Amino acid sequence: MLNIIFVFLGGGIGSVLRYLTNITFGKTILCQNCAIPLATFLVNVAGSFLLGFLYAFFIQKLNVQSHLKLAVTVGFCGGLTTFSTFSVESYNLLKNGEIIAGLGYILSSVIVCIIITGIGIYTGTILGAHLAK
């Protein structure tokens with residue numbers, strides 16, 4: 001039960017930080033006629049670095065309490081961005097020589113998630129229009 005509480009607390013803090021980053025940076029125009037989601041990019045990069053760092057750090061420091069590990073990895077990094085977990089998993093596949101699996105995982109994750117987002121937007125639009133009648 002203590003682990004769940006710590007994941008909850010870490011996730012809440014990470015989510016609030018992601019929200020505050022979005023308020024602070026929002027979208028920055030980096031090219032003509034396009035808006036790059038800078039806040040999302042920043043939290044994805046920061047979360048990826050942090051989880052990679054913690055992953056390596058916790059391997060070295062085995063005496064760190066498990067609920068603290070969960071609070072900052074699963075909770076905080078997960079709340080900040082799930083991209084950090086994806087990045088560690090991808091890195092491990094590539095590091096372990098599973099190049100085809102790693103590249104397949106990377107490409108399929110990105111492509112499938114974008115497609116599923118589109119399907120969710122489409123479904124939400126249809127359902128919202130239907131319920132608005």
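Keep in mind the model is a prediction, meaning the values are calculated, not measured.

In this section: the packing of helix α1 (residues 2–25) against helix α2 (residues 38–60). Between α1 and α2, whose axes approach to 8 Å, the crossing angle comes to 140°. The pairing of α1 with α2 is recorded here as oblique in orientation. Seen along the crossing, α1 lies across α2 with a hand that is right-handed. Residues Arg18, Thr21, Asn22 and Phe25 of α1 form the contact with α2, whose own contacting residues are Leu38, Ala39, Leu42 and Val43. In the contact of α1 with α2, the residues fall into five nonpolar, two polar and one charged.

Here we take up the side chain of asparagine 44. With respect to the helices, strands and loops of the structure, asparagine 44 is situated in helix α2. Separated by 2.5 Å, the side chains of asparagine 44 and threonine 81 make a polar contact. Apart from the residues within four sequence positions on either side, asparagine 44 is in contact with Thr81 and Phe83.

The next subject is the packing of aromatic side chains. Taken as a whole and assessed by the stated rule, the structure comprises five aromatic pairs. Residues phenylalanine 49 and phenylalanine 53 carry aromatic rings whose centres are separated by 6.3 Å and whose planes lie at 20° to one another, so their mutual orientation is stacked. Of this pair, phenylalanine 49 and phenylalanine 53 both sit in helix α2, four residues apart, which is roughly one turn of that helix. Taken together, a centroid distance of 5.4 Å and an interplanar angle of 45° make the contact between phenylalanine 83 and phenylalanine 86 tilted. Of this pair, phenylalanine 83 and phenylalanine 86 both sit in helix α4 (residues 83–95), three residues apart, which is roughly one turn of the helix. Three or more aromatic residues link up through ring pairs in this structure, and these residues are Phe49, Phe53, Phe57 and Phe58.

The rules behind the values
Residues numbered from 1 in each chain as written. Predicted model: local features only at pLDDT ≥ 70, side-chain atom pairs only at ≥ 80, totals over all residues. Heavy atoms only, no water. Axes fitted to C-alpha atoms, helices over the stretch in contact; angles between N-to-C directions. Helix = DSSP H or I, 4+ residues; strand = E, 2+ residues; numbered from the N terminus. Parallel < 35°, antiparallel > 145°, perpendicular 65-115°, else oblique. Left-handed = near helix turned anticlockwise from the far one by under 90°. Contact = heavy atoms within 4.5 Å. Nonpolar A, V, L, I, M, F, W, Y, C, P; charged D, E, K, R; others polar. Polar contact = N/O pair within 3.5 Å; in protein donor to acceptor, adjacent residues only side chain to side chain. Phe/Tyr/Trp six-rings, centres within 6.5 Å; stacked < 30°, edge-to-face > 60°.

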